[in-house]
Amino acid sequence: DLLDFKREIITELNNLLTDKPQTNKWLKSTDVRKMLNISPGTLQNLRVNGVLPYTKIGGTVFYDHNDVLKVLNGNKR
């Protein structure tokens, strides 16, 4: 019984690890600046102008990973 249980756990863990890579849904400002290769001032302008939605908790600003990708894809040439 324990051997079967062990095999089930290992199988489930392997499935979780190989099905889809885990990415952070929320990014901090420094991560977004690196992704977009922009200065802190430019990132602030994107926030103020409503180009890049954000969430602020305490003193930390977070950005949804999908929103950052939309900004990147929206500016393709």
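Being a predicted model, the structure only gives us computed values, none of them experimental.

Draft legend 1. Molecular detail of the nonpolar core. Listed in full, the 10 residues of the largest apolar core are L27, V32, L36, L43, L46, L52, V61, Y63, V68 and V71. Taken together, the elements giving at least two residues each to this core come down to α2 (29-36), α3 (40-48), β3 (60-64) and α4 (65-74). Beyond its immediate sequence surroundings of up to four residues, L43 is in contact with S29, V32, R33, I38, L52 and Y63.

Draft legend 2. Layout of the packing of aromatic side chains. Here the structure, examined in full by the defined rule, presents 0 aromatic pairs. Between the NZ or CZ atom of K25 and the centre of the ring of W26, over which it lies, the distance is 5.6 Å. If you follow R47 out to its NZ or CZ, it ends over the ring of Y54, 5.7 Å from the centre.

Draft legend 3. Representation of the sheet that holds strand β1 (residues 26-28) within the structure. Taken in spatial order, the 3 strands make up an open sheet running β1-β3-β2, and their pairing is antiparallel. Two strands bound the open sheet, and with one partner strand each, they are β1 and β2 (55-57). Across this sheet, the average inter-strand angle for adjacent strands is 40°, counted without regard to direction. Of the strand pairs in this sheet, β1 and β3 are connected by 3 bridges, and their pairing is antiparallel. Bridge pairing in β3 places K28 opposite F62. Along the sheet, α4 makes contact with β1 and β3, crossing β3 at roughly 65°.

Analysis parameters
Residues numbered from 1 in each chain as written. Predicted model: local features only at pLDDT ≥ 70, side-chain atom pairs only at ≥ 80, totals over all residues. Heavy atoms only, no water. Core = buried A, V, L, I, M, F, W, Y, C linked by side-chain atoms within 4.5 Å. Buried < 20%, exposed > 50% of the residue type's maximum accessible area, 1.4 Å probe, protein only. Helix = DSSP H or I, 4+ residues; strand = E, 2+ residues; numbered from the N terminus. Contact = heavy atoms within 4.5 Å. Phe/Tyr/Trp six-rings, centres within 6.5 Å; stacked < 30°, edge-to-face > 60°. Lys NZ or Arg CZ within 6 Å of the ring centre and 35° of its normal. Pairing = 2+ DSSP bridges. Axes fitted to C-alpha atoms, helices over the stretch in contact; angles between N-to-C directions.

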